[in-house]
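Architecture and fold: a report
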Amino acid sequence: MTQETSPTTADPGVVVGTDGLARPAWAAVDPLLRDYYDGEWGMPVTDEHGVYERVSLEGFQAGLSWATILRKRPAFREAFNDFDPDVIAAYTESDVERLMADVGIVRNRQKIQAAVTNARATIRLRQDMGLAHLVWSFRPETTPRPRTFAEIPTKSAESIALSKELRRRGFVFVGPTTMYALMEAIGIVDTHLLDSYRRGSSGIWTS
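What you see is a predicted model, and the numbers here were worked out from it, not measured in a lab.

**Thoughts on the pattern of salt bridges**
In total, this model carries 16 salt bridges according to the counting rule given. Of the charged contacts in the structure, one is a salt bridge between R126 and E48, with a shortest N-O distance of 2.8 Å. Taken as a pair, R126 in the loop between α6 (109–125) and α7 (131–136) and E48 in helix α2 (residues 48–61) lie far apart in primary sequence, 78 residues in all. On the basis of relative accessible area, R126 is assigned to the partly exposed category, the value being 38%. With a closest N to O distance of 3.3 Å, R109 and E93 form a salt bridge. Pair noted here: R109 is in helix α6 and E93 is in helix α5 (residues 93–100), with a separation of 16 residues, a long-range link. Given the relative accessible area of 45%, E93 is considered partly exposed. Put simply, D128, E165, R168 and R169 are held in one network by salt bridges that share partners.

Right, here's the structure in full:
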C-alpha cells in the first residue's frame with residue numbers, strides 16, 4: 001500500500017483514536033482503513049496465493065489510493081476467481097473483456113492483463129523457488145524506524161533488486177515503489193511508526 005498525506009499539512013506522526021490507540025494519520029479516521037491497519041497490514045503473508053493476490057492489488061493501486069482498492073477488494077476477488085493463479089493463468093481475451101466490463105473493479109486493460117501475465121509467471125516460478133520464497137528472500141537485515149510519515153521510505157535497495165528480479169522472471173507492474181509497498185504490506189519490513197501500538201506486531205521485527 002502506498003501511503004498518502006497532504007503536502008499542505010504538518011506530519012502528525014501518530015493520532016490517538018477514541019479507543020485510546022495510537023495509529024498513523026492514514027489509518028485513524030476511515031473505519032475500513034483502520035480495520036485493515038489493525039488486523040492485516042504488515043502481518044506476514046508467506047503463501048503463494050496470498051503473495052500473488054497482493055502483488056496484483058498493489059499493481060492495480062498504481063496511480064490510485066489504497067482506500068479505493070480496499071473498498072473494491074471483494075469485487076476484485078469475485079471477478080478474479082479469488083486470485084487463484086492457476087485459474088487466472090488460463091484467462092483468454094474474453095476474460096479480459098469480461099473484466100473490462102465489470103464496474104466493481106478498476107477497469108484498466110494493462111493492469112488486468114498484468115494480473116494474467118503475473119499468474120503465468122507465478123506458475124513458472126514453482127519450478128524454482130516459488131513466488132513467496134523469492135519475494136521473502138529480499139528481506140533486509142534491518143527495518144526502518146520512522147517516527148513520522150515523512151521518515152518512511154518509498155523504496156529501498158531491496159525493493160529495487162526485487163523489482164528487477166521479478167521483471168527478469170516475466171512479471172510486470174512490479175516497480176520498486178510498488179514492491180516496497182508490497183514488502184510493507186506483507187511484513188517483510190516494518191514501517192509502523194515507532195509510537196504506533198502496532199509497531200512490532202508482525203513478530204518478524206520486534207522493535
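**What to know about unusual backbone geometry**
Leave glycine aside and you will find that most residues have negative phi; peptide bonds, for their part, are mostly trans. Phi is positive for N81, close to 50 degrees, though the residue is something other than glycine. For N81, the position within the fold is in the loop between α3 (66–79) and α4 (85–89). Of note in this structure, F173 is not a glycine but carries a positive phi near 55 degrees. Residue position: F173 is located in the loop between α8 (157–168) and α9 (176–185). Residue F173 is classed as partly exposed on the basis of its relative accessible area of 34%.

**Topic: the packing of helix α1 (residues 31–39) against α3**
Put simply, α1 and α3 touch, their axes get as near as 10 Å, and they point 85 degrees apart. As far as their axial angle goes, α3 and α1 are roughly perpendicular. In this structure, α1 contributes L32, L33 and Y36 to the contact, and α3 contributes W66, A67, L70, R71 and R73.

The rules behind these values
- Residues numbered from 1 in each chain as written.
- Predicted model: local features only at pLDDT ≥ 70, side-chain atom pairs only at ≥ 80, totals over all residues.
- Heavy atoms only, no water.
- Salt bridge = Lys/Arg side-chain N within 4 Å of Asp/Glu carboxyl O.
- Helix = DSSP H or I, 4+ residues; strand = E, 2+ residues; numbered from the N terminus.
- Buried < 20%, exposed > 50% of the residue type's maximum accessible area, 1.4 Å probe, protein only.
- Axes fitted to C-alpha atoms, helices over the stretch in contact; angles between N-to-C directions.
- Parallel < 35°, antiparallel > 145°, perpendicular 65-115°, else oblique.
- Contact = heavy atoms within 4.5 Å.

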